[in-house]
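The chain contents come next:
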Amino acid sequence: MVIVGSGPAGLTAAIYTARANLHPLVIEGEPSSDSDQPGGQLMLTTEVENYPGFEDGIMGPELMARFRGQAARFGAGYLTAKASRVDFSARPFGIWVGDPETPEPTYRARSVIVATGARSLMLGLPSEARLLGHGVSTCATCDGFFFRGQHIAVVGGGDSAMEEAIFLTKFGERVTVIHRRKELRASKIMQDRAFRNPRIDFMWDAQVSDVLGERSVEGVRIKNVATAEESTLPVTGLFVAIGHAPNTDLFRGQLDMDENGYLVTHGGARTNVEGVFACGDVQDHVYRQAVTAAGSGCMAAIDAERWLDATSDS
Ligand code: NAP
């Protein structure tokens, strides 16, 4: 059993498959990379207050360390590296680590669970990366609570940005949506809701050029793309909501994906290839929560275990 990915989905699948004596190997990613780092997106957050069982909250990296340790306790193995190629066309499946041109795969597995997650698209500013988890966030559901009574900015003009902005008005005393054009991309209904909300205002033709603050966000620098005029918006939170991308390049041409590149699952965690299962954000663009990812990791493990039982009899 090989599990690719080590966020809440992959590590929950590891706990369950290890306890079922399937000796999972978790290819956990590489620490150097933001999108493929071991532990997934929770490694980029600070306090997690909505994961059940932690009434006082827990830091994202500590939560993932606990998941990891729990799976290790039952015998899960870890490889701190990225999978570079997979071959699901023949059994046992082939998984490469390192040079993808090597003729022989690094590992062969009777079953594979894909849990490579998704990444939030980011503006790409060094200051944004530095202050991620310290005022810069990609998840209002997770972090909105920390900005009670404050002025918050949301970047983006799509449905995600409107949803985040509307949600953030529960906490912030004012929410400014910063959008790079004059028109929103969001659906009409979401636009109307945002326009009607008295706590939301808009900055049009506006691009964030810098996030200000040393240890926490103190403002954002904004460039008007029409006039090149620069200004500063004194916010304490910046929510980046410019879309997400699933980490599925590795599986292109082998696993079915929807038009946005998310893996398609059916009947639980099954993919179009028998014996390959998928869980977590790599196949879920709707809920995207640690707890739902963990739940789907459990489903993938149970599906894989049953499939292995059924196929080893024949
Ligand atoms: P999206 O529709 O692709 O919108 C991304 C927004 O971010 C666009 O307005 C885009 O600007 C802006 N953007 C992209 N790159 C940027 C950059 N580098 N700098 C500044 N702005 C940038 O993504 P989404 O809002 O995450 O939605 C994804 C899909 O999920 C959509 O199909 C959406 O309908 C769906 N969704 C639905 C709901 C709902 O119905 N409640 C909620 C969330 C998402 P431009 O407009 O200029 O391209």
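Thresholds applied
- Residues numbered from 1 in each chain as written.
- Predicted model: local features only at pLDDT ≥ 70, side-chain atom pairs only at ≥ 80, totals over all residues.
- Heavy atoms only, no water.
- Pairing = 2+ DSSP bridges.
- Helix = DSSP H or I, 4+ residues; strand = E, 2+ residues; numbered from the N terminus.
- Core = buried A, V, L, I, M, F, W, Y, C linked by side-chain atoms within 4.5 Å.
- Buried < 20%, exposed > 50% of the residue type's maximum accessible area, 1.4 Å probe, protein only.
- Contact = heavy atoms within 4.5 Å.
- Disulfide = S-S within 2.5 Å.

**With respect to the sheet that holds strand S11 (residues 136-137)**
- Taken together, the 5 strands give an open sheet; going across it, the order is S11-S18-S12-S13-S14, and neighbouring strands pair in parallel fashion. Taken across any chain shown, the strands that pair with only one partner, and hence form the sheet edges, are S11 and strand S14 (200-203).
- Where strand S13 (residues 174-178) and S14 come together, 4 bridges link them in parallel fashion. Within S14, the residue paired with Thr176 across the bridge is Asp201.

**Some remarks on the nonpolar core**
- Judged by nonpolar contacts, the single largest core of 32 residues is most densely connected at Ile3, Tyr51, Leu63, Phe67, Ile113 and Phe277.
- Elements that contribute at least two residues to this core include exactly helix H1 (8-19), helix H2 (60-73) and helix H7 (290-313).
- Considering each element in turn, this core owes the most residues, 8 residues, to H7.
- Discounting residues that sit within four places of it in the chain, Ile3 has contacts with Gly10, Ala13, Ala14, Thr17, Pro24, Leu25, Val26, Ile27 and Ile113.
- Listed in part, the 21 residues of the second largest apolar core include Phe93, Ile95, Ala278 and Val282.

**Observations regarding unusual backbone geometry**
- Here the bond from Arg91 into Pro92 is cis, since omega is -10°, no more than 30 degrees from zero.
- Within the element layout of this structure, Pro92 appears in the loop between strand S6 (83-87) and strand S7 (93-97).
- Although it is not a glycine, His23 sits at a positive phi angle of roughly 50°.
- For His23, the position within the fold is in the loop between H1 and strand S2 (25-27).
- Overall, the relative accessible area of 61% leaves His23 in the exposed class.
- One non-glycine residue with positive phi stands out, namely Asp205, at about 50°.
- For Asp205, the position within the fold is in the loop between S14 and strand S15 (206-212).

**Observations concerning the state of the cysteines**
- In the structure shown here, the tally under the stated rule is 1 disulfide.
- Each disulfide pairs two cysteine sulfurs, and for Cys139 the partner residue is Cys142, the sulfurs being separated by 2.1 Å. Measuring the twist about the S-S bond at about 75°, one finds the Cys139-Cys142 disulfide to be right-handed.
- Accessibility expressed as a relative area gives 15% for Cys139, which makes it buried.
- Considering cysteine sulfurs only, Cys298 is the nearest to Cys279, which forms no disulfide, with 9.9 Å between them.
- Assessed through its relative accessible area of 0%, Cys279 is described here as buried.
- For Cys298, a relative accessible area of 16% puts it in the buried group.

**A short note on the side chain of Thr17**
- Relative to the elements of secondary structure, Thr17 occurs in helix H1.
- Its relative accessible area of 1% is what places Thr17 among the buried residues.
- The contact partners of Thr17, leaving out residues within four places of it in the chain, are Met1, Ile3, Leu22, His23, Pro24, Ile113 and Ala301.

This is a description of form; function is not addressed.
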